[in-house]
Amino acid sequence: MELYNRAQTCLPSYARLKFDRGEGMFITRLNPEDVPVAVKKLVKNGFLATVKNEMLTVAPSYAIIEEAAAQNLSDVDDHLYKSLSILAGRDICEGERSLFIAACKWPLYSTEAIEKQLRRQAAVCMRNKCGGLLHAIRLIILTRR
């Protein structure tokens, strides 16, 4: 919800973000005259913003993703989180960013589905020596319970 609020504050008061069913995180419709200012504010706050067919799509930039990956909480009592936190600091693999976005879109995906994808992605990351974002994804899953 933190990313939702962070993005929502960049938009005019009439605009409401909805979870995007595509590759973005959020989507909204804006009046054409409000688009340049909103895009500028979103980019300044760490988001990627694209406009297509009068719809504004918002996704986290790599800066936001790196910020999430930098979190490493030692007081989390979860075996999988602790195992994945060993990967913190590694490169972020292909697939981690989209899994991060999917985990943040909690109303659209079940916790079980995201957790299953996380475990699959962890296996891939172990082989490819990456996985720097996996512990942050696990933390999102834990906060959804």
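The preceding data block contains the structure.
A brief structural summary. (Residues numbered from 1 in each chain as written. Predicted model: local features only at pLDDT ≥ 70, side-chain atom pairs only at ≥ 80, totals over all residues. Heavy atoms only, no water.)

### Considerations on the environment of Ile65
Step number 1: Mapped onto the secondary structure, Ile65 falls in helix α3 (residues 62–70).
Step number 2: Expressed as a C-alpha distance, the spacing of Ile65 and Tyr81, which sit 16 residues apart in the sequence, is 17 Å.
Step number 3: Ignoring sequence-local partners within four residues, the contact set of Ile65 consists of Pro60, Ile92, Arg97, Phe100 and Leu133. (Helix = DSSP H or I, 4+ residues; strand = E, 2+ residues; numbered from the N terminus. Contact = heavy atoms within 4.5 Å.)

### Overview of the state of the cysteines
Step number 1: A complete count under the given rule lists one disulfide for this structure.
Step number 2: The side chain of Cys93 participates in a disulfide bridge whose partner is Cys130; the two sulfur atoms lie 1.3 Å from each other. One quick way to see it: the torsion about the S-S bond of Cys93 and Cys130 is about 80 degrees, and its sign makes the bridge right-handed. Taken together, the positions of Cys93 in the loop between α4 (79–85) and α5 (96–104) and Cys130 in the loop between α6 (111–128) and α7 (134–144) put the pair 37 residues apart, joining distant regions of the chain.
Step number 3: A disulfide-free cysteine, Cys125 has its sulfur positioned 3.3 Å from the sulfur of Cys93, the nearest such atom.
Step number 4: By relative accessible area, which is 0% here, Cys125 ends up buried. (Disulfide = S-S within 2.5 Å. Buried < 20%, exposed > 50% of the residue type's maximum accessible area, 1.4 Å probe, protein only.)

### Notes on the pairing of strand β2 (residues 26–29)
Step number 1: Looking at chain direction, strand β1 (residues 18–19) and β2 are connected through two bridges and run antiparallel. Residue Phe19 lies in a different strand from β2, and its bridge partner there is Phe26. (Pairing = 2+ DSSP bridges.)

### Here's the deal with the pattern of salt bridges
Step number 1: The full count for this structure, using the stated rule, is four salt bridges.
Step number 2: Glu54 is paired through a salt bridge with Arg29; the nearest N and O atoms lie 3.6 Å apart. Taken together, the positions of Glu54 in the loop between β3 (47–52) and β4 (55–60) and Arg29 in strand β2 put the pair 25 residues apart, joining distant regions of the chain.
Step number 3: Overall, Glu54 belongs to the exposed group, its relative accessible area being 53%.
Step number 4: Glu115 is the partner of Arg119 in a salt bridge, and the nearest nitrogen-oxygen pair spans 3.2 Å. In this pair, Arg119 and Glu115 both sit in helix α6, four residues apart, roughly one turn of the helix. (Salt bridge = Lys/Arg side-chain N within 4 Å of Asp/Glu carboxyl O.)

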